[in-house]
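Here is how the chains run, residue by residue.
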Amino acid sequence: MKKQNLPEEFIEIISPILEHPEFQRRKTYAHHGKVSVYEHCLAVSYVAYRFAKKVNADYRSAAIGGLLHDFYDSPWQENTQKKKFFEQHGFVHASEAAKNAWKYFPDIMNEKIEDIILRHMFPLNIRPPRYLESWIVTLSDKYVSMEVIKDVKHLHHYVGIKKRKK
Ligand SMILES: [Fe+2]
Ligand SMILES: [Fe+2]
């Protein structure tokens with residue numbers, strides 16, 4: 001997705017985050033396959049923004065929540081440390097992302113955006129989203145990610161769980 005092809009209004013909403021050096025660093029994080037965290041989050045943000053506009057929801061929060069939903073600490077695929085099942089990426093990265101969002105963007109964050117980030121892994125994280133915009137982002141994330149999954153065998157990869165070697 002090229003930034004120059006995106007609507008001005010959308011760019012205006014997301015620029016303070018997009019241009020921040022900490023967010024720029026996500027260009028170097030591999031998310032799924034060749035897609036970086038930066039690219040993935042930008043795609044989810046844009047899909048969520050369009051979706052929210054269509055249903056007259058709060059498109060600003062949807063765009064920001066979408067952009068920050070995977071703002072977790074470190075590239076999970078490079079992490080070779082053995083972790084307990086519930087400590088694996090799929091379970092912990094949403095709370096990491098919320099913590100980082102507050103740390104780097106305290107003036108932009110609010111309770112709704114926090115809910116969007118925290119609940120985006122529903123139903124893997126069993127607490128359901130509280131806001132319409134949280135539902136929009138969790139669905140947009142799945143939609144964008146499904147395009148990446150070409151084979152069901154890679155599904156464990158999408159949810160961030162390492163497959164056990166037999
Ligand atoms: Fe995620
Ligand atoms: Fe995601």
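A brief look at the structure comes next.

The rules behind the values
Residues numbered from 1 in each chain as written. Chains lettered and ligands numbered in written order. Predicted model: local features only at pLDDT ≥ 70, side-chain atom pairs only at ≥ 80, totals over all residues. Helix = DSSP H or I, 4+ residues; strand = E, 2+ residues; numbered from the N terminus. Contact = placed C-beta atoms within 7 Å. Expected span 1.5 Å × (residues − 1). Buried ≥ 20, exposed ≤ 12 C-beta atoms within 10 Å, placed from the backbone. Arc of directions from axis to C-beta. Axes fitted to C-alpha atoms, helices over the stretch in contact; angles between N-to-C directions. Parallel < 35°, antiparallel > 145°, perpendicular 65-115°, else oblique. Left-handed = near helix turned anticlockwise from the far one by under 90°. Core = buried A, V, L, I, M, F, W, Y, C linked by C-beta atoms within 7 Å. Nonpolar A, V, L, I, M, F, W, Y, C, P; charged D, E, K, R; others polar.

## Re the overall build of the protein chain
The number of helices and strands found in the protein chain is eight helices and two strands. Mapped from its N terminus to its C terminus, the protein chain presents α and β elements in the order α-α-β-β-α-α-α-α-α-α. Considering only contacts in the protein chain between residues 6 or more positions apart, those separated by 24 or more positions represent 60%.

## Side note on the environment of E39
Mapping E39 onto the fold places it in helix α3 (residues 37-54). Separated by 28 residues in the primary sequence, E39 and L67 have C-alpha atoms spaced 9.5 Å apart.

## What about helix α5 (residues 89-104)?
With 16 residues, α5 ought to run about 22 Å at 1.5 Å a step, and its terminal C-alpha atoms sit 21 Å apart, in line with that. Where α5 is concerned, the buried positions are H89, H93, A94, A97, A98 and A101. All buried residues of α5 fall inside an arc of 160 degrees around its axis, so they share one side. Buried residues in α5 make contact with α4 (59-68) and α6 (111-119).

## Things to note about the packing of α3 against α4
Across the interface, α3 lies against α4 with an axial gap of 7 Å and an inter-helix angle of 160 degrees. Here α3 is positioned roughly antiparallel relative to α4, judged by the angle of their axes. As α3 runs across α4, the sense of the crossing is right-handed. Contacts between α3 and α4 involve C41, L42, V44, S45, A48, Y49, F51, A52 and K53 from the first element and Y59, A62, A63, G66 and L67 from the second.

## Details of the nonpolar core
Membership of the largest hydrophobic core comes to 37 residues, with the highest contact counts inside it found for A48, A62, A63, L68 and I117. Elements that contribute at least two residues to this core include exactly α1 (8-18), α3, α4, α5, α6 and α7 (132-148). It is α3 that provides the largest number of residues to this core, a total of eleven residues.

## Some thoughts on the environment of A94
Turning to its location among the elements, A94 is positioned in helix α5. Sequence separation of A94 and F71 is 23 residues, and the distance between their C-alpha atoms is 8.0 Å. For A94, the contacting residues outside a window of four places in its chain are I117, L118, H120, M121 and N125.

## Quick word on the environment of V137
Among the secondary structure elements, V137 is positioned in helix α7. The spacing of V137 and I117 is 20 residues in sequence and 8.4 Å in space, taken between C-alpha atoms. Excluding anything up to four places from it in sequence, V137 contacts V44, A48, A62, G65, G66, H69, I116 and H120.

## Focus: the packing of α5 against α6
Where α5 contacts α6, the two axes come as close as 7 Å, and the packing angle between them is 150 degrees. With respect to each other, α5 and α6 are oriented roughly antiparallel. Crossing handedness for the pair α5 and α6: right-handed. Where α5 approaches α6, its residues A94, S95, A97, A98 and A101 are matched on the opposing element by E114, I117 and L118. Its residues assigned to classes, the contact of α5 with α6 shows six nonpolar, one polar and one charged.

Remember, this is a structural readout, not a statement about activity or role.
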